[in-house]
Amino acid sequence: MAAVAVISPVLGAALEAARPQLNRRIAEVRTGGAGFEAATLTAFLTMAVDPIAMAVAAVDVARVTPAVQAAIDVALTFGVADPAQASRAALLATTWQALVSACAPLIAADPARVLGMLGNAALHIDRSGGRSGEWRDLMAVSTAQLVSMAGSDPRVDTSSTVEQLAALGQLLAWRAGLAHFREGALAAGAALPESVAVAALGMETAMTWPAVAAALHANPWWGTPDADLATGAFTGLGGAFAGPPAVVPCVEGFFVDGRERHHLLIADRYGAVLHASSADEFNAAALEQGRHPAVQLDGSQLLIGPRTIGLDLPRDGLRAACNQHTVAVTSPYTHAIRLFPLMP
């Protein structure tokens, strides 16, 4: 393996101890057809793997070499040695840097699983239109709380805490914008210590998890009566819609005609996501009226019960469609869909 500059003695010793295995792994990558640049890998090791080595050494020095081997294996799988994958490498590096301190005991115990799980979660959230930076910051805080509680309870083993880390990641991925995770996230929250789950969603600490989960299951906008969310943009500017979209309600959310492609839009208090759909699904759902007696358009204003919202759009062509929980407003003058809670 090529010499690595500006690294800690801890990482240097681990690289030396694992030299034969790492050389074989790097040879596999070099011959596998993906781009490979030694200097790019070296930079990643310095930036992202060295902090892991130092954090694990503070927990159990005997676990440093396995942790470094696992980190490099995961990193190579992500393509961090390929300059063309710079954005993936940066996402992985910033995720590990932010979470290594809180996760150090878990990385020491099961490095391949924990490091791979954190990297894959950040990548999935980013690719799905979620807020990966917010997820990373929330994970750092909540993981520290989770690990601290586990460490103070001799009945809790590390493997169960790793399972809880996965549940926490799912819960916070929902909070970071992946609205389609809601039901799964609420189920995952039940596997966490109650105080961790409640705090992870930013709820009042006096609340119980069953109460929080029941409220959010019944109403995805619960606690945010004044929410005002916008989603969608022109394809020429990186968005999903070739023209001003049309929407029709469905149980899950709304089917959207984006003029070239169709989508399923799912939205709640934490964000909105678009999934691929079909014209047949849109046309079948269009048979429903999508109206609600509490929702009206008055010129360029939207009335939802006692709430009045200025839309800053011409009144011509404004449309409001409702499903059980949400009002979606579209206009021929914008590619964005405005979303509001129907229920208080």
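See the structure shown above.
Residues numbered from 1 in each chain as written. Predicted model: local features only at pLDDT ≥ 70, side-chain atom pairs only at ≥ 80, totals over all residues. Heavy atoms only, no water.

**Q** Got a minute to help me understand unusual backbone geometry in this structure?
**A** Trans is the prevailing form of peptide bonds, just as negative phi is the prevailing case for residues other than glycine. Despite not being glycine, Arg259 shows a phi value in the positive range, around 80°. Structurally, Arg259 can be placed in the loop between β3 (254-257) and β4 (262-268). Residue Arg259 is classed as partly exposed on the basis of its relative accessible area, which comes to 48%. Here Asp312, not a glycine, exhibits a phi torsion of approximately 55°, which is positive. (Helix = DSSP H or I, 4+ residues; strand = E, 2+ residues; numbered from the N terminus. Buried < 20%, exposed > 50% of the residue type's maximum accessible area, 1.4 Å probe, protein only.)

**Q** Can you help me understand the side chain of Ser331 in this one?
**A** Among the secondary structure elements, Ser331 is positioned in the loop between β10 (326-330) and β11 (337-341). Residue classification places Ser331 among the buried residues on the basis of a relative accessible area of 3%. Within the structure, the side chain of Ser331 is placed 3.0 Å from the backbone nitrogen of Tyr333, a separation counted as a polar contact. Setting aside anything within four residues of it in sequence, one finds Ser331 in contact with Pro244, Leu313, Gly317 and Leu318. (Polar contact = N/O pair within 3.5 Å; in protein donor to acceptor, adjacent residues only side chain to side chain. Contact = heavy atoms within 4.5 Å.)

**Q** Got a minute to help me understand the pairing of strand β9 (residues 319-322) in this structure?
**A** Across a regular strand the side chains alternate sides, sitting on one face of the sheet and then on the other. As paired strands, β9 and β10 are joined by 4 bridges and run antiparallel to one another. Of the residues in β10, the one forming a bridge with Arg319 is Thr330. Two successive antiparallel strands, β9 and β10, enclose a turn made up of 3 residues. (Pairing = 2+ DSSP bridges.)

**Q** In this structure, what is going on with the pairing of strand β2 (residues 246-249)? I would like to understand it.
**A** As paired elements, β2 and β3 share 4 bridges and run antiparallel to each other. Opposite Val248, over in β3, you have Phe255 as the bridge partner. Once β2 ends, the chain turns through 4 residues before running back antiparallel as β3.

**Q** Can you walk me through the nonpolar core in this structure?
**A** Most often, soluble globular proteins have nonpolar side chains that are buried together. Counting 85 residues, the largest nonpolar core has Phe44, Trp96 and Trp135 as the members making the most contacts within it. The element best represented in this core is helix α5 (residues 86-109), accounting for 12 residues. Apart from residues no more than four positions distant in its own chain, Phe44 is found in contact with Val49, Ala75, Val80, Ala89, Leu92, Ala93 and Trp96. Ala240, Phe241, Val256 and Ala272 belong to the second-largest nonpolar core, a separate cluster that totals 14 residues. (Core = buried A, V, L, I, M, F, W, Y, C linked by side-chain atoms within 4.5 Å.)

**Q** Sorry if this is basic, but what is going on with the pattern of salt bridges here?
**A** Charged atoms that come close allow side chains of opposite charge to pair. This structure, assessed with the given rule, holds 8 salt bridges. Linking Arg25 and Glu28 is a salt bridge whose minimum nitrogen-to-oxygen distance equals 3.7 Å. Here the residue Arg25 and the residue Glu28 both occupy positions in helix α2 (residues 19-31), the gap between them amounting to 3 residues, near one helical turn. For Arg338, the salt bridge is made with Asp228, and the minimal N-O distance between the two is 2.8 Å. Taken together, the residues Arg338 in strand β11 and Asp228 in the loop between α11 (209-218) and β1 (229-231) connect sequence positions 110 residues apart. (Salt bridge = Lys/Arg side-chain N within 4 Å of Asp/Glu carboxyl O.)

**Q** Sorry, what's going on with the packing of helix α4 (residues 64-78) against α5 here?
**A** Between two packed helices, both the angle of their axes relative to each other and the distance between the axes serve to describe the pair. For the pair α4 and α5, interaxial distance at closest approach is 12 Å and the crossing angle is 155°. Here α4 lies roughly antiparallel to α5, going by the angle between them. Seen from above, α4 lies across α5 with right-handed handedness. Contact with α4, carried on its side by Ala67, Ala71, Val74, Ala75, Thr77 and Phe78, involves Arg88, Leu92, Trp96 and Ile107 of α5 and no other residues of that element. In the contact of α4 with α5, the residues fall into 8 nonpolar, 1 polar and 1 charged. (Axes fitted to C-alpha atoms, helices over the stretch in contact; angles between N-to-C directions. Parallel < 35°, antiparallel > 145°, perpendicular 65-115°, else oblique. Left-handed = near helix turned anticlockwise from the far one by under 90°. Nonpolar A, V, L, I, M, F, W, Y, C, P; charged D, E, K, R; others polar.)

**Q** How should I be thinking about the packing of aromatic side chains in this particular structure?
**A** Geometry of an aromatic ring pair is reported as the spacing of the ring centres plus the angle between the planes. On inspection of all chains with the given rule, the structure shows 2 aromatic pairs. On the basis of an interplanar angle of 85° and a centroid distance of 4.9 Å, the ring pair of Trp174 and Tyr270 is categorised as edge-to-face. Residue Trp174 is located in helix α8 (residues 158-175), and its partner Tyr270 is located in the loop between β4 and β5 (271-276); the two are separated by 96 residues in the primary sequence. (Phe/Tyr/Trp six-rings, centres within 6.5 Å; stacked < 30°, edge-to-face > 60°.)

**Q** What is the right way to read the sheet that holds β2 from this model?
**A** To summarise the sheet geometry, strands pair through backbone hydrogen bonds and adopt either a parallel or an antiparallel arrangement. Taken in spatial order, the 4 strands make up an open sheet running β2-β3-β4-β5, and their pairing is antiparallel. Two strands bound the open sheet, and with one partner strand each, they are β2 and β5. Sheet twist, expressed as the mean angle between neighbouring strand axes with direction ignored, is 30°.

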